[in-house]
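Observations on the model geometry
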Amino acid sequence: MNTPEPFLGVTSHTPVRHHILSVMVENKAGVLARVAGLFARRGFNIYSLAVAPAETKARFSRITIVVDAESAPLEQIVEQLDKLVNVVAISDIAPKDALERELLLATIKTNVDNRTSLLDVVGSSGAAIVDVDAKSVTLMLAGTPAACDELERELENYTTLELHRTGRVALPRLGKAALIAIPD
Amino acid sequence: MQLTGAQALIKSLEMEGVEVVFGLPGGAILPVYDPLIDSSIRHVLVRHEQGAGHMAEGYALATGRPGVAMVTSGPGATNIVTPIGNAHMDSTPLVVITGQVATAAIGTDAFQECDITGITMGITKHNFLVKSAHEIPRAVAAAFHIATTGRPGPVLVDVPKDITQSMMEWWYPESIEELDLPGYHPTVDLDADRVNQAIELIKDAERPVLYVGGGTLKSHASAQLLAFAERTGMPVVTTLMARGAFPDSHPQHLGMPGMHGMYSAVIAIQKSDLLISLGARFDDRVTGKIPAFAPNAKVIHVDIDKAEFNKVRRADVAIRSNVAAVLEAWDAERAMPQNLEVWWKEIDAWREAYPLVYDEPNDDGLLRPQFVVESIAKAAAPGTIVASGVGQHQMWASQFWKFEEPGTWVNSGGAGTMGFGVPAAIGAKAGRPDRVVWCIDGDGCFQMTAQELVTARAEGIPIKVAILNNAYLGMVRQWQEMFYDERYSEVYLSPDLPDYVKWAEAMGCVGLRATNVAEMHAAIATANSINDVPVVIDFRTDSSEKVFPMVAAGASNDDIMVHPRQRESQ
């Protein structure tokens, strides 16, 4: 897996020709390693990756992978993924048809001078304060990758103690490419 | 019926119709070796786990049935990694059972622990770590199902020792649904539209070539291939993995394409206007420089694995299917190309101008390796199975042996695994005891896995081994001569060290040596008269002999180098 540098700039470093693969897998030990290993050995680049149990049944998880469609033809990536026995369904969502969301958590160093302006940033970006102490504030934003990028830029004016982003999850816009049904 | 996990494992193998397991016991697999005593399954005790894997491959290639190997954890498991990788490259159906340390010890760096499912993730079609005795039947049944359906391949089943020692209520999956493989769909219905699109291309073709790969053998499509080729009159080439899929004696057969292919096979592909790939994968050893490969050809690509489509060469029509079904569908539609008379005239001219040649046999000096292969072939019983290692001798075996039927050529293609020959020949003979099995080997390859001749003698598996002993790692030597200005680096092996005759005798085999033509014929005759123990012949061959034709690595197939004797007329 090729992590872009710097690590935090996930979205701003996402290439123009990225695709979002929503991969339904069996919820079994080692499946993530199989998927990640396939990308590594075939030389496909991953820009972000998010894993969680899928909506209906505990036996499946969904892996949302943002892939670099310039590192290899998307068709090859999809077909090779499909050969993994634990991969149940793959849907490819073109960026324009995708509803993409990410979660950003950041702890910012604060003092009496900048606390008010930081609260303005929080308010205007749609973020929320989730923890506060005398010297710092932890804020959260759930939004589009672009909104997370924008907030990250705003936070450059402050001292960021820690910042984490989840990598994106995505669903197709209503009426666009339908997800393939999970077989029983 | 209550069984131990070990009993369930053996019983599961019996349920799958396994007749022979190649293996070597050790701590973690120990419980499974106890019920093996009471089983109908034959166990072949190897001397090194790599031998078990290659024997299972040889068995599978000769019989068409999955090969089975069983080894212990840790080094036992890592020793079989090379055969697993080899089987993965060549799509050979293999089921490998490995012992594992007890569940509670996994992850603690226990004695002889290794993460074999992790290690083999990229070189198996799939693998399992079994977590309960109850799951053993499902894992074994799934392993055989996955290994043998769709594009075949190796499947590994890792079984911890406490699982084989615990009790389970016996059951066995009765349907594919019970295998619980929601993501595995090895076959699809034949796409009639694509079949018809391909027929449209066939109708327009004036210079078609049937490019036959290993998938044709894997899908048992030789009869359909023969029928289709004869009805349409198209020329046929068979890749290294497909030797035997179409009779070498057939007038429409141009032979093997690729780096050391027949001139006419290579050039016919280059000049073709339609390339019909049947279970082939456009390997770099066949294509040479990809942009220069068959530049004017439209491509029909038939493969059961759709990941092969457009991987190397864009297909004009890609059909996901086994080869047999497509050929039958085309035959049903009476698909015919244009009149091929002009095309055959060109091909015949190439065949006539550049046949396979080598320098005349030398009565006094060292033997010509090509002549040795031809002489063994000429004296061999019909239906003889040939195994080989990897290198010059492998290419000469493929070039100079005449293969007439499937399952008679056992070799390592994609991985190029030196040392494959001896154990693979043993596996082939174990699976086809009615057939004569020759291993055409090199001296370098022989030294890698020769210890398995002890296995062959002990188990009563009388193979015949021809060492083309040129005292060199010959293929590397050839490249150093041709591309590294004759600077020979670490390729000399000595013809006398080891003494192959004494070594063979020490392993309970008959050892023979041939240093000239008369001795060669005598040794072959002696070997053919011995059918109870393995025979090894040390043929002293000329190290200056090179494999021709040759397309240099990365070069265009148009730049094929023929034998020096033919160059003036090229």
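A few points about the domain arrangement of chain A
All names here are of chain A. Here the domain parsing of chain A yields domain 1 (18–93) and domain 2 (99–169). In this structure, domain 1 and domain 2 have C-alpha centres spaced 29 Å apart. Between domain 1 and domain 2, the contact holds seven residues from the first and five residues from the second. With both chains or domains summed, domain 1 and domain 2 bury close to 430 Å², and 60% of this area falls on carbon and sulfur atoms. Between domain 1 and domain 2 we count zero salt bridges in total. Taken together, the links from domain 1 to domain 2 amount to one residue pair in polar contact (both at pLDDT 80 or more). For the side of domain 1 that touches domain 2, the secondary-structure elements that each account for two or more residues are strand E1 (18–26), strand E2 (46–53) and strand E3 (60–68). A total of three residues in the side of domain 1 that touches domain 2 trace back to one element, the largest contributor, which is E2. Within the side of domain 1 that touches domain 2, the residues separate by chemical class into four nonpolar, three polar and no charged.

Some details on the pattern of salt bridges
Under the criterion given, the structure shown has 38 salt bridges over all chains. Two residues, A:Asp82 and B:Lys306, come together in a salt bridge whose shortest N-O distance is 2.7 Å. Residue A:Asp82 is found in helix H2 (residues 74–83), and its partner B:Lys306 is found in the loop between strand E13 (298–303) and strand E14 (317–320); the two belong to separate chains. We note a salt bridge from B:Arg435 to B:Glu405, for which the minimum N-O separation is 3.1 Å.

With respect to the confidence of the model for chain B
The share of residues in chain B with pLDDT of 70 or more is 100%, and the mean pLDDT across the chain is 97. Scored by ipTM, the complex comes to 0.91, with pTM at 0.94.

Structural notes on the nonpolar core
Within the largest apolar cluster, 62 residues are counted, with the highest numbers of intra-cluster contacts made by B:Leu210, B:Leu275, B:Leu278, B:Ile300 and B:Trp330. Counting residues in each nonpolar core, the second largest holds 48 residues, with B:Leu61, B:Ala62, B:Ile80 and B:Phe420 among its members.

A short note on the interface of chain A and chain B
At the interface, 21 residues of chain A touch 20 residues of chain B. Taken together, the two surfaces of chain A and chain B that pack against each other cover about 1600 Å², and 48% of this comes from carbon and sulfur. The interface formed by chain A and chain B contains five salt bridges. Run the count over chain A and chain B and you get seven residue pairs in polar contact (both at pLDDT 80 or more). Elements supplying a minimum of two residues to the side of chain A that touches chain B: helix H1 (31–42), H2 and strand E4 (87–93) of chain A. If one sorts the elements of the side of chain A that touches chain B by residue count, H2(A) sits on top with six residues. Of the residues in the side of chain A that touches chain B, the class split is eight nonpolar, four polar and nine charged.

Brief notes about the side chain of B:Ser222
Residues and elements named next belong to chain B. With respect to the element layout, Ser222 can be found in helix H11 (residues 222–232). Look at Ser222 and you get buried, because its relative accessible area is 15%. Within the structure, the side chain of Ser222 is placed 3.1 Å from the backbone oxygen of Ala245, a separation counted as a polar contact. When sequence neighbours within four positions are dropped, the list of residues in contact with Ser222 reads Thr216, Leu217, Gly244, Ala245 and Pro406.

Re unusual backbone geometry
Backbone phi values are negative for most residues with the exception of glycine, while trans is the configuration of most peptide bonds. Residue and element names in this part refer to chain B. Here the amide bond leading from Leu497 into Pro498 is cis, since omega sits at 5°, within 30 degrees of zero. Along the chain, the position of Pro498 falls in the loop between helix H21 (474–483) and helix H22 (500–506). For the bond running from Phe548 to Pro549, omega is 0°, close enough to zero to count as cis. Along the polypeptide, Pro549 turns up in the segment after strand E20 (535–540). Even without a glycine there, the phi angle at Ser91 is positive, about 55°. One can find Ser91 in the loop between helix H5 (81–89) and strand E5 (94–100). For Ser494, which is not glycine, the phi dihedral falls at a positive 80°. Here Ser494 is to be found in the loop between H21 and H22. Judged by relative accessible area, which is 16%, Ser494 ranks as buried.

Examining the domain arrangement of chain B
Residue and element names in this part refer to chain B. Split by domain assignment, chain B resolves into domain 1 (2–179), domain 2 (192–353) and domain 3 (369–540). Listed per partner, the contact involves 24 residues of domain 1 and 29 residues of domain 3. Taken together, both faces of the contact between domain 1 and domain 3 bury some 1900 Å²; the carbon and sulfur share is 61%. When the area that domain 1 buries against domain 3 is broken down by residue, the three leading residues are Arg47, Met55 and Ala62, summing to 27%. Seen at the junction of domain 1 and domain 3, the total is one salt bridge.

Examining the side chain of B:Thr455
With respect to the helices and strands, B:Thr455 occurs in helix H20 (residues 452–459). When sequence neighbours within four positions are dropped, the list of residues in contact with B:Thr455 reads B:Val44, B:Leu45, B:Val46, B:Arg47 and B:Met55.

Here we look at the sheet that holds strand E6 (residues 126–129) of chain B
All names here are of chain B. An order of E3-E2-E4-E5-E7-E6 is seen for the six strands of this open sheet, with the pairing classed as parallel. One side of each edge strand has no neighbouring strand; the edge strands of this open sheet are strand E3 (42–45) and E6. The average undirected angle you get between the axes of adjacent strands in this sheet is 20°. Pairing analysis gives three bridges linking strand E2 (residues 20–24) to strand E4 (residues 67–71), with the strands arranged parallel. Across the sheet, the residue bridging to Phe22 is Ala69, located in E4. The strands that H5 touches are E5 and strand E7 (154–160); relative to E7, the one it contacts most, it runs at about 145°.

Here's the deal with the packing of aromatic side chains
All names here are of chain B. As enumerated under the stated definition, the model contains 16 aromatic pairs over all chains in all. Judged by centre distance (5.7 Å) and plane angle (20°), the ring pair of Trp170 and Tyr172 falls under stacked. According to the relative accessible area criterion, Trp170 is buried, its value standing at 16%. Exposure remark for Tyr172: the relative accessible area of 12% places this residue in the buried category. An angle of 55° between the planes, with centres 6.5 Å apart, marks the rings of Tyr472 and Tyr488 as tilted. Within this pair, whereas Tyr472 is found in the loop between strand E18 (464–469) and H21, its partner Tyr488 is found in the loop between H21 and H22, the two being separated by 16 residues in sequence. By relative accessible area, Tyr472 is classed as buried at 18%. Pairwise contacts between aromatic rings join Tyr211, Phe282 and Phe293 into one cluster. For Lys11, the ring lying beneath its charged end belongs to Trp170, and the centroid distance is 5.4 Å.

Quick notes on the rules
- Residues numbered from 1 in each chain as written.
- Chains lettered and ligands numbered in written order.
- Predicted model: local features only at pLDDT ≥ 70, side-chain atom pairs only at ≥ 80, totals over all residues.
- Heavy atoms only, no water.
- Domains from an automatic or database assignment.
- Contact = heavy atoms within 4.5 Å.
- Buried area = accessible area lost by both parts, 1.4 Å probe.
- Salt bridge = Lys/Arg side-chain N within 4 Å of Asp/Glu carboxyl O.
- Polar contact = N/O pair within 3.5 Å; in protein donor to acceptor, adjacent residues only side chain to side chain.
- Helix = DSSP H or I, 4+ residues; strand = E, 2+ residues; numbered from the N terminus.
- Nonpolar A, V, L, I, M, F, W, Y, C, P; charged D, E, K, R; others polar.
- pLDDT = per-residue confidence, 0-100.
- Core = buried A, V, L, I, M, F, W, Y, C linked by side-chain atoms within 4.5 Å.
- Buried < 20%, exposed > 50% of the residue type's maximum accessible area, 1.4 Å probe, protein only.
- Pairing = 2+ DSSP bridges.
- Axes fitted to C-alpha atoms, helices over the stretch in contact; angles between N-to-C directions.
- Phe/Tyr/Trp six-rings, centres within 6.5 Å; stacked < 30°, edge-to-face > 60°.
- Lys NZ or Arg CZ within 6 Å of the ring centre and 35° of its normal.

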